[in-house]
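Descriptive analysis of the structure
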Amino acid sequence: MTVETLALGCRLNSAEADTMAALATAGGLRDALIVNTCAVTAEAEAQARQAIRRAARDAPARPIIVTGCAATLAPARWAALPGVARVLTNDEKLRAESWNAPEAPPPAATIRRARAFLEVQQGCDHECTFCVIRVARGASRIWAPDDVLGAARQAVARGQREVVLTGVDLASWQDGARDIAWLARAVLAVPGLARLRLSSLDPAAVPDALFDLWRDEARLAPFLHLSAQHGDGLVLKRMKRRHAPEVVPALAARLRAVRADAAISLDLIAGFPTETAAAHAQSLALLDALHPVAVHVFPYSARPGTPAARMPALHSDVVRARAAALRASAAGHAEAAARARIGATEDVIFETAREGITAQGLRLRATTDMPRAGLRAMRVTGTEAAILLGEAAHGAA
Ligand code: SF4
């Protein structure tokens, strides 16, 4: 009998799932499955429905509580699924009273993992034409600096050596004159923190001061994940994104100028309505220019009520083929990035006894069991596709 969680989609959902499990337990719930849904694509919703049906079949008496973006956008539809006892919207899911818990939670954070994904910002004020997240999560709002620093201290006290700052629109974190660069610098001052990572940033809003921090602070992971979405200017306009195509390579070059070992990771949408073959080729060219270590490719799927859903869509075969082409190119770049690390020594945080993550965001598999959550120097001895293979450096396990 436990309170189990299933989080789909973004890191924010993972952090919130752990926090909901803690609230549910504090409120006396002993046995339940909490499903934190995602609405970014139709595929993500289908995965959640499948998981709920399976859970209801396998444990008919166990209550299923559905939350998250998809549940917020269509609560009645999710409430009608077998085994669903409750549906909580994004607004309700982190409230103490929703779980009969005695007190409100700190910023949502993953507490059962080796790394702490820490929610510092929520919601979004932009209007990208393909997006329902801003509808599901509401207007942009932040956790105050003291709350964030308190949560970071708790993470270190739990033995988590890396904190990942996360949000829906992380780059929009602003508290008066203090921006995300200020917050990152403040979190890095938390005693005992070995590494800080920033999750996805909007290319239109990466502050200059972050590059100074990357230059000055080795514990800020040399990793830049950009929600690029596309490589073509006209498509970016039709997406109502706020950056021009040349901004993404320029940001990558700026980071690599201060951290030669920096790694780039991207979000890209394949098959956006009206996308031509030439426009698609621009996204492929962007990958060839940046050599990213990872790319999250989202096959475009029309989200109900969005402006893009009213645009002339491409045939689903074309969308699938273009997503496959982006994924194949991304895999090639990730494998090359991994091969380039052979012989290097990496600082790895182990998430399981055998697998961990490097500062650049690459996965490393150890040849022997390693202490979980510890930060270990590992020598890279080889690769398997985009996964590094490694052994403890200096001969010490
Ligand atoms: S920035 Fe755009 S894609 Fe991201 S949550 Fe906001 S509206 Fe959606």
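Scroll up to find the structure this text is about.
Attention here is on the structure that accompanies the text.

Calculation criteria
- Residues numbered from 1 in each chain as written.
- Predicted model: local features only at pLDDT ≥ 70, side-chain atom pairs only at ≥ 80, totals over all residues.
- Heavy atoms only, no water.
- Helix = DSSP H or I, 4+ residues; strand = E, 2+ residues; numbered from the N terminus.
- Rg over C-alpha atoms; globule rule 2.2 N^0.38 Å.
- Buried < 20%, exposed > 50% of the residue type's maximum accessible area, 1.4 Å probe, protein only.
- Contact = heavy atoms within 4.5 Å.
- Areas by Shrake-Rupley, 256 points an atom, 1.4 Å probe, with all protein chains shown as cover.
- Polar contact = N/O pair within 3.5 Å; in protein donor to acceptor, adjacent residues only side chain to side chain.
- Phe/Tyr/Trp six-rings, centres within 6.5 Å; stacked < 30°, edge-to-face > 60°.
- Lys NZ or Arg CZ within 6 Å of the ring centre and 35° of its normal.

Side note on the overall build of the protein
A count of helices and strands for the protein gives 12 helices and 19 strands. Against the 2.2 N^0.38 benchmark of 21 Å for 397 residues, the protein shows a C-alpha radius of gyration of 21 Å, consistent with a compact globule. Dimensions along the principal axes, computed over C-alpha positions, put the protein at roughly 55 × 55 × 45 Å. Within the span of the protein, comprising 397 residues, buried residues form 52% of the whole. Of the contacts formed within the protein by residues at least 6 apart in sequence, a portion of 71% connects residues at least 24 apart. Of the accessible surface of the protein, which amounts to about 16,300 Å², a share of 54% is contributed by carbon and sulfur atoms.

Looking at the side chain of R195
Relative to the assigned elements, R195 resides in strand 11 (residues 195–198). Judged by relative accessible area, R195 falls into the buried class, the value being 5%. Engagement of the side chain of R195 in a polar contact is seen with the side chain of E162, the distance being 2.7 Å. A polar atom in the side chain of R195 sits 2.9 Å from the backbone oxygen of D347. Among all residues touching R195, those that are not within four sequence positions of it are R161, E162, V163, R219, A221, D347, I349, I357, T358, A359 and L375.

Digging into the packing of aromatic side chains
One pass over the structure, following the stated rule, counts 4 aromatic pairs. Ring centres of F130 and F272 lie 6.5 Å apart, and the angle between their planes is 85°; on these two criteria the pair is classed as edge-to-face. Placement of the pair is F130 in the loop between strand 6 (121–122) and helix 5 (133–137) and F272 in the loop between strand 13 (263–270) and helix 11 (277–290), with a sequence separation of 142 residues. Here the two residues F130 and F272 agree in accessibility, since each one is buried. Aromatic side chains W173 and W182 sit 6.3 Å apart centroid to centroid with 5° between the ring planes, which places their arrangement in the stacked category. The class for W173 is buried, based on a relative accessible area of 0%. One aromatic cluster in this structure is built from F130, F272 and Y300. A cation over a ring is seen here: R254 above F211, with NZ or CZ 4.2 Å from the ring centre.

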